[in-house]
Structure formats: structure tokens, C-alpha cells
Amino acid sequence: MAAKLSSSMQSTSQDTSLRTKEGVASALAELRQLPILSVVEEKLYYRNQLIDWNAKALQMIESTTTTGKQQFQTLENLHTELTSTLEMAKCQNVKPNEYIEREVKWFVAEDVKLICPESGTWVRNQYKRGCDWRQNYFSIKSVLQPYGYNFGEISTSASAGIVSAIDVSRIKGLLVEHDTLASCFVEECNHLREIEKVVDDWAASVNQVLVNESCHLETRCNELEEIEASRPKGIIANPPRHVVDLWVRVLRWGLNLKIGVDSITEKLLKWKAIQSPELESQDAEFQEVVRLTNLLLASVIVEGQDFMLSNEVTLTPLLSQLRSKTISSFSNGECASLISRREVIESSPHGELLLRRVIGAEADLQSGFPLRFVRDIFWRIMTCSLLQNVSNGGGVDLNDVKMLSSLCVRDSEVSSSVNKLISDAEQLQRNATNVMTTCSKLLRLNCFLHQNELRCCLLDLKTIQSDFKSQQLESAARLLRSSGIEAVIATKLLSVTWLVDTFSHPIIFESANGSVQSHSIDRISVDDLQLLYDRNPVSASSRGGNDLDNEVLRVYNLVKDLHRLAQEWRKTARSLINLDKDPMFSEIIRVETIEAITQSHILSKVKFPELCTLKNAASAAHEVKEMLVNELFRDEYHGIDVNKSRLPDKSSLLAASGDFLLYRFTGSEMYSAIEKALNSLKEISSQLSVMTEDKVTVDWMVKVFDWVTSLRDAVTEQTAVEGPNNMRLVLKVDHALSILEHGHVVFYSIPDEVQQQLSLNKITTKILPRRLSVEMMKQSTFTLGLSLLKWSVLLFECLKVDLDSQDSWKEAVLDVSETYQLFEANGLVATFGGVTAYNDKVVELVSVTANLVVQDEDLIRSLFRLFDKINNSDVFKKQLELERVASEERRFLAEKNRFESPSNIVSSRNDHLDSLLARLSSENGDVASQDEDSLFVSDDATVRDKSRVFLEKSLFKGVETLGLELNKRTRDFVSNMAWELELAIFMKYCSNEALSSEYREKVRSLRFNLQDPKNPMLCTRVVSGQLEIPDLIVMSTDALASKQLKQIRQQVVQDAIKNVVISPGSNKTSSGITSELAKKIRIESIKKSKATTEKPASVPRSSPQARSALSPGSASFSPMQANPPTLSTFDNNALSELLAAIPPPPVVGKERPSQPLAPPTFDNGVFPSMMTMQPPPHESSSFENSHSHGHHIPSNDGSEEFYFTISRLKVSFTSKIFIDQSCEFQLDGFLPTSLVEKGRLPVDEFNKFVNEKSRSDKWKVVIMKLSSMSGGENTSSYKRFYKEYESLRRICMFQVSDTTKVFLITPKFLRICKCVSSLKDLSRTSTYVVVITKEPLSYSQSN
């Protein structure tokens, strides 16, 4: 049974027996026979109840559709029964169990969906709608019952006091909704219908009052007020209260209007009765009416201002403003709010009817026209205000007047004035329109062919414009002003007038190719053309925003194009003939350019006042050009003068023969001829108002001649030199410097135009930093211009040489003066170094003074005063005599020893043995195979030995310079000092017993500076103990250098500072040549001083016994000992005697020892041992390891470091240059320290250049290579250089002078460059240096 029941709950089950009343009853009968109660029985029990309920519900549904509605109570009972079945479903016969009860409830809920799905839904919906309707009824009942409506007892479910009034539409809607319910509320519906009837009756009475045509305004108003008082309470009915109040206000306004008009009429009649006929007028009557209206109807007019117009129209802004102004004139205190016409119309369907009852024409007629009376007054006031605005020039438009005229109530004098104004304005508008139409049609044609019609149109436009400005039509014209007709007339008049004026110049309309068709037509002047262009109507139209006609635009374009061409021509012409320009900044003009301007096609149409000036300038330019060539560059000069002999060299203004070169030129006939030619050219050139190429050339040639003249004028015969030859031709130094600076400006700033002119006349000029030259081309002749240039350049170079000589002489004079001042300060004769040499130098300076061309008078007098002091000094004379005697004695002893004392060469056999033992310091012992002048050897012990030998030689050179006699004590003293000096250098610059590059550099630097004959004071200070060895070894190269070398280096640095090139990340500077060579710097030649080292003569060695006398009792020592022998081992007496015996600087030198000195020995005859321990090998460079047959060349200032500056990349690097000993030539001291790039050559051009030079015997080619490059920044700069140039396939060139060039061949081009590729032992990773020169080179000793 349970399975059958479960199957019956499926909607798709075919067995429906348990869904019927009979099937359920049969199933329950079967289950009651069982002895056990089951849940199935409980379920079937509830299904049986649902089947019975479904039958009742279906019956009610059927009766509702057939017989009629049933009471809501029946429906409510059905709903309650269904709800109780669902909520109260539980086990009644079975023992209660929560699980079973939950299952039974679920079954009942599902069974409702199965047994009564439609009836259950219908009952629920109808019950909910009925409850909602009843709730709305109770809410209406609760609101209306306090107002006296009889509803019986108020239900407790009603929500009273929530709403104060009920809208009648809500009641009507509730009654309509009741008709759609399945149940009915009879009593409630009756109550609502009674209320509905009361409201409908009240609304019908309102409509009856409105539609009744027989009622007067007052009756209608009173009835409305009574009906409004009887409005149903608590109910919002139509019409609403505010609408009825609005209607009452409208009706009451009509009554008040009629009453006010009646009062005005009565008072006006009284006023007219008391007025005399003479004073009576319409204006006075109108003023009285306005006064009475303002007094009696002001509030009525303000309240009903919306009714002042006969119909509702949209006023213009001006009329709206006038209306507001008129209404405000009636405001006289507190007024009620205005009545809106639209609001009344939209209040109800009877709103428009109500307005007709009040302000309609028929209603107004019945009332005696009160509204018409007020409207007439209102309109007349507005019209008077409008006419006053027109008279005052206000912005009144014709449309405003027309609209106001349409609002006129009745004809009057005012309306006639308005109509007359409208008529005049319309007539004026029609006339202007007709003229503009005719003008526009004409302007669409070619008016040049219709000039008569255009002039007639111009007259019509002027007539219309006069009408607009006449007094009769002034008001009418003001009405048309807003339409813009008058402005259009003015524009048309301007355009037509401009066209007529333009047509008076027919040349404008000729063909554009410049050919005048009619020669009788006069050209237009440029001023008239400018006036036409300034008055053109297009510019005015663009500002005013008006459109122009096609003909005006066409003519304007013709005038504009012609004006543009004229302005361009005039601008060009004025730029050429502008005399206010500075000639230094004037633009160079070609004669052809001037001629082209004078032949421009614009001249066929336009007349220019500048044309005559340009033609004169062209004529003058041709004259200057022709005269320049004829006078200076065409004909060869045949006069008998300086050109017939060879020009002197550029050594000095004072020739070797004693002639003064300047006077040789300025005193010649050629000079006079040049002066005459230049004066003629200058006179003609001054008349030329433009700057042409020929004028530039003339001006520059005049500057050159003026410079020569200034040099001549600066020559004086006064000189500070005393003696018979004191009257000589000289230049003062300040004048010479000023003239030289002026010459730099003239010669180093030659304009390009001048160079082109000179080139055309077969003359070339070469402007180099240190030299100027003027050369003749082939087939050229000696002309006056060429002679002037060659002689002026010659005098300029001679002046430079004389100034350099004066500078050198000045430096020497200052040096000797400073030395004598020191002597005067300390009183020591030793200040001079050597009195004889100092005296000879002063005498030489005095003798040179007589040959100076450029003289400094103050310095010359100072030199002569110094010379007098020396001659008058007894101390100086005495020391000079002592030195002379000592010199003679030394010369005599030297000659004697040379011929009588063979022991000076070899003193004894022991000396030979000592010398040999000293040299055999290494295991190989091959003394002859070692190079004494090289520190690059494989054994460190040998390097240190050679270092001591070098230092000892240097100290010997210094001792020779001091004039010490080379005896045994002196040699031992020097040997000890050299030993101590070398050890100090080793301890300072070497670590781990290995020699460093700093050690080698320091030994080399001290060797050079200690034996420098130009720096004797350094060796003197070292030997005398004034300069200690620890201080000596830390001194820089600049501190060790001589005074002369310091000055040279300082001069080089100063020149380098002027043109510095800084490489990225480096602090080194290198000199370069800037482009501004003439105007701001004075180029001074720096003399290259080459350090020459004479091979010292040999000095006899002393015996071991003599050497041991200086250090008695000393044992043998090793250089590695902590306390080697020092100068302190000498006693004070011996040292004093040695220093006291130092004579003044020697004149005759001794021969230096040909063998290296051995370390000092002592009494036991034991020599100190050389290095007992061999230090580790020195990490030498690849150059030192791979090249043993050659050396690093020094520069001309003694340094082995060369500075290479690459101008293109703005980088620089330093390196040494190695030359092989197999080289044919010697280049030591030949190249400068700083080399600056001057150009770049492709590889093919370089090969061609070298091939051409090598064929000539005059040129020499020397090949070397770079080496010993160190430092990260230095190496990176070098790598950047060769990578860049290899990528460009260029060879870098350095120009030392005109006859010497240096090239750097990077590794990539070694196989391509023929001069390098054939070298033996060619290094493919090195950069080679190729020197090509015409200078004489000395041959190397190996060759």
C-alpha cells in the first residue's frame, strides 16, 4: 500500500485510484482491518480531507461564474480550512514521533500540489485581494468618519489618523476594483457609492456655474464662492480648491477693472469740465488719464499684466523690456501676485471659457470696454517709450516697431506716427537693396571693361549713403541699423571707390610678363602703389568679417602681387645702397647682382626713386673693377727700383749690408707709384655706395699700405745707446708691438673675396701660424699689387724676428740684472757662479744693444748702469783677476801634466787590476759587450752597478763644472756619494729586491740633471751638503731642471694652454693651433734648444791607499747592509778643506774616466762585495724584452715621453718612440715633445705621397715605432684613436714644420703601406712612426 501511495504521488503515474474519493475510502477500509496502525493510514486520512476540500472549492468557483458572487466570509472559511490542514497535519492515531510527523507534513504539502493545485491557488489569490480591498476601505473609513460620514463601527484594523483627506479618485478606483473580486462586500460598497454621489453632485454644480451664460461676473463670482464653501469635507474633489480660488480671482479682477475704469471716467469728466478750452489738448488729457490710471488701477494692471495684450504673443527682447518698464511704472506699493493666463487655461477644461467670460471681446463689450481702455493706455505708454528710444539712438529694430504696431488697440495720432516710421524704413530698405543688387551683379563682371556702369553705381551708393545720414530719414535709418544694411552699403562704397581709383592706373592690368603693351601708359609710382595697397577693402573686410565680390578679390590680387614685387625690389635695393651701415659688417655685393636688379621686369610698371642711385653704383663698381686691375694687377712695373734685385731674407729690418730694408722700399719709385695708384682707387671707391668684391680688395690693399706707412712713421733716430753711432734708425718697443698687432689683424684676416681676386691675378697667399708668404703663379708678372704684398709681408716677418731678438735680449738682461741684485744683497762673489763668464755675458749684451732694431730705452739705460757698476766694483775686478790667473795656471798645469805625467793615464798596475775587478761584477764578465749608456740589461746587479757608474760620472761632471781638482780625495768622495745616492734610490723605489721602472726613471733623471752644464748650482748644492740625498731623490723633474729649461717648459705650457685639447678622463694637456690666429694673439716663435751632451774626458783613478785615507779603519761593506758608509765618515776638517778648495766655475774641463769607477776600498785592500743575493728578474716591457739593438729617442727638450694629440677625437696619449740601431739617421732631439694632428690621409694617397718624396734626394724617410705605453686612460685613448682611424681607413698626420711631417701607421695598415711592409722583423701588432723631412739629419754612429 505504501508503494502504491508513493506511486500515486508521481505526476506521470498511470494508476490514479488513490487520487479519488472512492479509492482512498477503499484503501482506508483495507488498512483498518489490519491489526497495526501505520503511517500510510495517516497519510490517506489527510488525502481524504484534501479531496473533500477540493470539492468545496470547485463548487464555489463554479457558483461565482454562474449564479453570482458569494460573501467574502465563505471564501475566508475555505482559506482557513486549507491553512489549518497544512499547519495542523500530524499523527493522530500513531504514537507521536518527530520523524513521522515531519514526513506526514511533507506529504500533506506535496499532496496539496497534487490533489488541488488550481483550486488552492485560486482561493489563496482571491483571499489576498479581498483582504487588501477591505484594508483600503477601512483606511478610507477611518479618515472620513471624523468629518460626520456614517460608516457604523470602525474596525480595529483601520489605521486612523494617517491621512487628513481622501482623493475622490481613490474611492472610485476602490469601487472599480470591487467589481473584479470573486467575493463581495455589500455594505461597504454602499457606503462608498453614497460618498461618490455627494462629490459628483458638488462638481456638477461648479460646472453649471461656469457654463451658465446668463450670469454676470458678480453673480458668477458669488456662486463660485458659495459652492467652494460647500465643498465635501475630507475629500479632494475636482476642481481643487486652488483652482476655484484662481477662478474667483479672475472674476474678481474683472469686477475691479470695471469699477476702476468707471471711476476714471467719472473723474476725467470732472477734470475736463473744469479745464478751459484754450488749455485743453490731447497730450494733457492723456497725461491726466495716465495719472488717474496709476492712481486707481495700478494694482489691477500689475495683477492682470498678462491680460494687457489682446492675445498671447512672443514679444521681442526690446518689447519685453518696454513692457516690463511700463508695468513697473504702475507699481505703487503692495500688489497682489499676478494672474497667469496660461495657468488659468491649464487649470481645467473650462479655464479658457472662464477667460472669455472675463477678458473676451463680447464680455468687454457688455462691461463697457474697460479692458480695451486699459490696453489702449498700456500700448500708448509702450509706444511713447519706443519712439523715445528711436530718437535717442537706442537699439530699436524695424521688427520691434512692426510688432508693436500690430498690438495697437485703436487708431490714434501715435499709431499714425508709428506707421509713418515703418513706411519710411521699408522704403529706405527697398532702395538700398535695389542698389546693392545692381552693384553685386556688376561686381561679378570684369569692371575694367565696364567702368562707366561702375561710376554710375558709385553715384547710387553715395546717394543711398546720404539718405541714411539725412535728418528726415534718421529715425528710419536707425531702425535698419541692426540689419547691417548701412554697413554693407559702406563696404560696397569702399570697394567700388577703390576699384575706380585702381582703374585710373591701367598699367596694373597689363600683361604680367613685364612687356608693356602700350608705351603711352605711364608707370605707377611706388608711393601711389603703396597707397592703393593700404586702402584696399580686403583688409577692412577681413577685420569686419564681410564677404567680398569676385571682382574686388581679382583686382586686389593684382595689386597685392605687384606691391609684393615692388617691396621686394625696394628692400633689395635699399639693402644695397644703405649708407648708414657699418662698412665692417656690410654684405659683399657682386656687380652682376646690381645690374640684375636694375634690369628687373618690375621696373616696367613701377617707378622707384632708388633706381638712379643703383645705376650710378653699378657704373662706379665697373669703374673700380677696371681701375683696380689696370693700376695694380695687369701691367708689369718697369721702374728702376727694388724689384730689379732679389728680395732680402726675413732675418731683420736691418740687412747684413747695413741697409734699412724699410727705407729701401719706402724710398723707391715703386712705393710712390703704389701710393699714387691706391689714392686714385681710394677716391673712386669712396664714391661707391655698395660694398663690392673690388671695393673690399681696394680697402684691404689700402690697409696694407697704411700698415707699411705706419711702420715707416714709427721709425725714429733717437736711441739710448751711447757712443759715436748713437744716431741710428730704430723702433721703440711699444710702437713695434702695436704695429705688429695691427699687422696681425691685417694679414691674418684676409677676406675670402680678396683672396679670390688675388688668385684671379695669379697671386697666392699662404697664411700659416708662424709664417706668411706671397707667391707668384706661373706666367705671372711683377705688378704693383704683387710688389706691395711681397714687400709688406717681408717687412712684417722681419719685424717679428726683430721683436723676438729684442725679447731674447731682454730676457738675458733681466737675468744678469737679477744676478747682480743677489750679489748686492748677500755680498757673495759665488753668486755669479763665474765672474769671468758673467762679465763676458754683460759685455756681449752691451755689444748686441748697438745692433738692435727694436729697442727698450729704459732697459738699455738699466744695462749701461749695470755695466758701469761692474766696471766700478773693486770686489768684482779683484775676483775677475783671480779667475784669470787661476785659469792661466790650470791651463799651464794641464799642458804640463799632458806631456810630463804619464801616470795620469795609468798610475800603476794595481789601478788596472782594481778597475778590472770592479767591472767583473757578474758571472759573464764580458765588459766590452755591455752598453754603458743603457739600463735595460738582464741582471739587476749589473743594472745597479751601471747606475752607480752613471751617477758617479754625473757627479764628476758637476765637480768639473765647479773647478775642483780631480785628486784622490775628490774621486773617493764622489764614489762614496754615488754609492750612497744609488742605495737611497733603491731603498725608496724598489720592493722585494726587484728593480722597478721608477728606479730606472729616477736614475736617468738625476744623471741628466746633475751633469747639466746649464744647471751647475744643483751639483754644487749636492756636493756641499746643502741639498740632502733624501730630499734629492724625491724632487720632481721640474724642480731638478735648470732655469733655462724651466723657462722653455713654461713657454711650451703657456702656448699649450692657449689651444688645449683635453682627452676624456685625462689631466694631460697638449698644444694645438686655433683658427683665430690673427686678431687676438701674438704668435711668438719658441726657439728649440737641443741638449747636447759632450762625452766627458777620462779622469785618472786613484790608488786604493789614497781612497782608504778618506775613511780610516772601515771594514768592507755590502750595499745591502743597514748602515753603508756615508759622507759623515769624513772628518769636518777634511770636508772643510775640500769645500774651501772649490774654485769658481771652470773654463777648461778635464777628461772623464773612460771606465766605470769601482766602489771604494779600504786599508786591507778588500773591495766591498757587489750584490751577494740576486734579486728576482725584473718584469720588463715587451719592448725591452724583444729589442736589444736600439734606443728611445729623446725630444728636443730632453724628455723621452711624446704627447700625441688627436684633434678629430679630442683625445691625447703619451708614448715613447723606439728607433733601431740599424737606422741610417740619428733623430735624438729632432722631434718636439708635443705633436698635434694636422690632417688625415687615405692609405692610397699616403703611399703616393711617400713614393713621390722618396724619389727626391732632398727628402729623407725614417721609420720608428711606438713603445712603453702605460696607464689605463692613456691606453684607452690610444685604442680609441687607432680603432677610429682604422675604421675610416685614414693615416694620421702631424706637421712639425713645412719641411717635416710625421705619420702614425696603425697595425691594420702595415701590410698596405709600402714603406713599412718591407721592413725586416716587422711587428704586426705595433704602431709605426714614419718621419718625412727635408731637414739635414746626422748619420748614426753604427752607419
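Residues numbered from 1 in each chain as written. Predicted model: local features only at pLDDT ≥ 70, side-chain atom pairs only at ≥ 80, totals over all residues. Heavy atoms only, no water.

**Focus: the overall build of the protein chain**
- Helices and strands together make up the secondary structure of the protein chain, namely 50 helices and 20 strands.
- Here the protein chain holds 1343 residues, and the buried ones make up 45% of them.
- Carbon and sulfur atoms make up 51% of the accessible area of the protein chain, which amounts to about 70,300 Å² in all. (Helix = DSSP H or I, 4+ residues; strand = E, 2+ residues; numbered from the N terminus. Buried < 20%, exposed > 50% of the residue type's maximum accessible area, 1.4 Å probe, protein only. Areas by Shrake-Rupley, 256 points an atom, 1.4 Å probe, with all protein chains shown as cover.)

**Quick look at the packing of aromatic side chains**
- For the coordinates displayed, the defined rule picks out 31 aromatic pairs.
- One aromatic cluster is present, built from ring pairs that chain together Phe1204, Phe1213, Tyr1278, Phe1281, Tyr1282, Tyr1285 and Phe1294. (Phe/Tyr/Trp six-rings, centres within 6.5 Å; stacked < 30°, edge-to-face > 60°.)

**Structural notes on helix H7 (residues 168–179)**
- With twelve residues, H7 should reach 16 Å at 1.5 Å per residue; the first-to-last C-alpha distance of 18 Å fits that figure.
- Contacts from the buried residues of H7 go to helix H6 (117–144), strand E2 (166–167), strand E3 (183–184), helix H8 (186–211) and strand E4 (235–236). (Expected span 1.5 Å × (residues − 1). Contact = heavy atoms within 4.5 Å.)

**Here's the deal with empty space enclosed by the protein**
- Inspection of every chain in the model, using the stated rule, returns six cavities of 30 Å³ or more.
- Around the second largest cavity, the lining is made up of eleven residues, and of these Gly254, Leu257, Val358, Ser367 and Pro370 lie nearest the centre.
- Of all the secondary structure elements, the ones that give two or more residues to the lining of the second largest cavity are helix H10 (241–274), helix H16 (361–367) and helix H17 (370–391).
- Take the lining of the second largest cavity: its biggest share by element is four residues, from H10. (1 Å grid on protein atoms, 1.4 Å probe; cavity = no way out; pocket = protein on both sides within 12 Å on 5 of 7 lines; lining within 4 Å. Points joined across faces, edges and corners; volume = space filled by probe spheres on them.)

**Section: the pairing of strand E15 (residues 1234–1242)**
- In terms of strand pairing, strand E12 (residues 1202–1206) meets E15 through three bridges, oriented parallel. Residue pairing for E15: Tyr1203 is matched across the bridge by Ser1234.
- Across five bridges, the pairing between E15 and strand E17 (residues 1290–1297) is antiparallel. Pairing of Leu1241 across the sheet is with Ile1291, part of E17. (Pairing = 2+ DSSP bridges.)

**Things to note about the pattern of salt bridges**
- Inspection of every chain in the model, using the stated rule, returns 42 salt bridges.
- Two residues, Arg241 and Glu228, come together in a salt bridge whose shortest N-O distance is 3.0 Å. Highlighted residues: Arg241 in helix H10 and Glu228 in helix H9 (residues 217–229), separated in sequence by 13 residues.
- A salt bridge links Glu610 to Arg574, with the nearest nitrogen and oxygen atoms 3.1 Å apart. Placement of the pair is Glu610 in the loop between strand E6 (606–607) and helix H27 (611–634) and Arg574 in helix H25 (residues 550–577), with a sequence separation of 36 residues.
- Its relative accessible area of 7% is what places Glu610 among the buried residues.
- The network of salt bridges with shared partners includes Asp527, Arg570, Arg574 and Glu610. (Salt bridge = Lys/Arg side-chain N within 4 Å of Asp/Glu carboxyl O.)

**Points about the side chain of Ser1005**
- Considering the arrangement of structural elements, one finds Ser1005 in helix H40 (residues 997–1010).
- If we ignore the near neighbours within four places in the chain, the residues touching Ser1005 are Thr1037 and Leu1040.

**Some remarks on the packing of helix H4 (residues 72–87) against helix H5 (residues 98–115)**
- One way to put it is that H4 packs onto H5 with a least axis distance of 9 Å and a crossing angle of 145°. Note on element contacts: H5 touches H4 through Lys105, Val108, Ala109 and Val112, opposite Leu82, Thr85, Leu86 and Glu87.
- For the contact of H4 with H5, a count of residues per class yields five nonpolar, one polar and two charged. (Axes fitted to C-alpha atoms, helices over the stretch in contact; angles between N-to-C directions. Nonpolar A, V, L, I, M, F, W, Y, C, P; charged D, E, K, R; others polar.)

**A look at the packing of helix H3 (residues 39–66) against H6**
- For the pair H3 and H6, the least separation of the axes is 9 Å and the interaxial angle reads 60°. As for how H3 packs across H6, the hand of that crossing is left-handed. When H3 is examined against H6, the residues Trp53, Asn54, Ala57, Leu58, Ile61 and Thr64 are found in contact with a partner set consisting of Ser119, Gly120, Trp122 and Val123.
- In the contact of H3 with H6, the residues fall into six nonpolar, four polar and no charged. (Left-handed = near helix turned anticlockwise from the far one by under 90°.)

**Examining unusual backbone geometry**
- Following Asn238, the chain continues into Pro239 via a peptide bond in cis, with omega recorded as 0°.
- With respect to the secondary-structure elements, Pro239 resides in the loop between E4 and H10.
- Located in the positive-phi region is Arg1289, a residue other than glycine, with phi close to 55°.
- With respect to the helices and strands, the residue Arg1289 is situated in the loop between helix H49 (1272–1288) and E17.
- With a relative accessible area of 42%, Arg1289 lands in the partly exposed category.

**Notes on the nonpolar core**
- If you look at the biggest cluster of nonpolar residues, it comprises 237 residues, and the most contacted ones within it are Trp253 and Leu799.
- Per-element accounting of this core gives the leading share, 14 residues, to H10.
- Filtering out sequence-adjacent residues up to four positions away, Trp253 remains in contact with Val300, Glu303, Gly304, Phe307, Met308, Ile339, Val358, Ile359 and Leu371.
- Counting 29 residues, the second-largest nonpolar core is a separate cluster that includes Phe973, Leu995, Leu1027 and Met1035. (Core = buried A, V, L, I, M, F, W, Y, C linked by side-chain atoms within 4.5 Å.)

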